[in-house]
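Working through the structure, step by step
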Amino acid sequence: MNSAASAPELDHLRHILVRDLGALAEEVKSTPERALWRRVDGVTNSVGTLAVHLCGNLEHFIGHEIGQNGYHRDREAEFSGQPIPKETVISAIRHAQATVESVLGQLEPHRLDEEMPHPPPHHAGRTIRFFLMQLSCHLSRHTGQANYLRRILTAA
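Residues numbered from 1 in each chain as written. Predicted model: local features only at pLDDT ≥ 70, side-chain atom pairs only at ≥ 80, totals over all residues. Heavy atoms only, no water.

A short note on the side chain of Arg14
So the rule is basically this: Helix and strand definitions here come from DSSP, where helices need a minimum of 4 consecutive H or I residues and strands a minimum of 2 consecutive E residues; each element is numbered from the N-terminal end. Any pair of N or O atoms that falls within 3.5 Å is considered a polar contact. Within protein, one atom must be able to donate a hydrogen and the other to accept it, and sequence-neighbouring residues count only if both atoms are side-chain atoms. We call two residues in contact when some of their heavy atoms are within 4.5 Å.
Mapped onto the elements, Arg14 comes out in helix α1 (residues 3-30). In this structure the side chain of Arg14 is engaged in a polar contact, spanning 3.4 Å, whose partner is the side chain of Asp11. Those residues within four positions of Arg14 in sequence are excluded, and the remaining contacts are Val100, Glu101, Leu104 and Gly105.

Put into structure tokens, the structure is as follows:
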């Protein structure tokens with residue numbers, strides 16, 4: 001695939017990731033502070049945990065691995081469930097949006113066909129193109145989980 005054909009694809013991926021991070025921010029805003037870190041039986045994570053994890057995931061793979069911006073991920077802390085203020089979570093989402101905009105806005109389209117640097121073992125050998133699609137799906141799946149969990153928590 002030539003670089004010119006890849007530029008719109010990169011723009012689309014950037015747009016979708018930023019848009020879906022916006023949807024995640026709306027889920028966090030719509031979740032009462034008292035419920036942000038609550039879990040329900042049968043559900044492993046809270047809305048807050050999902051949001052923090054998604055930010056860490058994108059900051060790590062897009063910011064650090066692709067953009068080489070020096071971000072240091074603490075994946076264990078993402079899943080600690082340690083409550084932090086809602087505004088801090090929203091700020092982290094806005095920062096992840098800015099990272100996606102910056103890194104993907106500057107990424108040369110021909111790099112989409114390069115191997116993704118340091119992916120999880122089950123994605124070894126995949127291209128940056130594939131991995132950006134995977135990140136988009138991951139974001140969408142967990143944002144849907146946050147939506148459903150928020151509705152369960154606020155219906156009670």
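And the narrative resumes.
Points about the side chain of Glu59
What counts, and what does not: Remark: exposure states derive from per-residue accessible area (1.4 Å probe, protein chains only) relative to the maximum for the residue type, with buried under 20%, exposed over 50%, and partly exposed in between. Only four residue types enter the tally: Lys and Arg on the positive side, Asp and Glu on the negative side; His and the chain ends are excluded. A pair is scored as a salt bridge if a Lys or Arg side-chain nitrogen falls within 4 Å of a carboxyl oxygen belonging to Asp or Glu.
Following the sequence through the fold, Glu59 ends up in helix α2 (residues 47-66). Here Glu59 occupies a buried position and makes no salt bridge, while the nearest side chain of opposite charge, Arg73, is found at 10 Å. Engagement of the side chain of Glu59 in a polar contact is seen with the side chain of His95, the distance being 2.6 Å. The residues contacting Glu59, other than those within four sequence positions of it, are His64, Asn69, Tyr71, Ala92, His95, Ala96 and Thr99.

Here's the deal with the confidence of the model for the chain
For clarity, the cut-off: Scored between 0 and 100, pLDDT is the confidence that the predictor attaches to each residue.
Mean pLDDT over the chain: 94, with 96% of residues reaching 70 or higher. The model gives residues 1-5 a pLDDT under 50, and that stretch makes 6 contacts with residues more than four places away or in other chains.

Notes on the packing of α2 against helix α4 (residues 86-106)
What counts, and what does not: Each axis is a line fitted through C-alpha atoms, taken for helices only over the stretch in contact, and angles between the N-to-C directions span 0 to 180 degrees. Oblique is the label for every angle not falling under 35 degrees (roughly parallel), over 145 degrees (roughly antiparallel), or within 65 to 115 degrees (roughly perpendicular). Definitions for this section: a left-handed crossing has its near helix turned counterclockwise from the far helix by less than a right angle. A right-handed crossing has that turn clockwise. Classification convention: Asp, Glu, Lys, Arg as charged; Ala, Val, Leu, Ile, Met, Phe, Trp, Tyr, Cys, Pro as nonpolar; all other residues, Gly among them, as polar.
Closest axis-to-axis distance for the α2/α4 pair is 9 Å, and the angle between their directions is 25°. By the angle between their axes, α2 is roughly parallel relative to α4. As for the relative orientation of α2 and α4, their crossing is left-handed in sense. For the pair formed by α2 and α4, the contact residues are Ala51, Val52, Cys55, Glu59, Ile62, Gly63 and Ile66 on the first element and Val89, Ala92, Ile93, His95, Ala96, Thr99, Val100, Val103 and Leu104 on the second. Each residue belonging to the contact of α2 with α4 can be placed in one class, and the counts come to 12 nonpolar, 3 polar and 1 charged.

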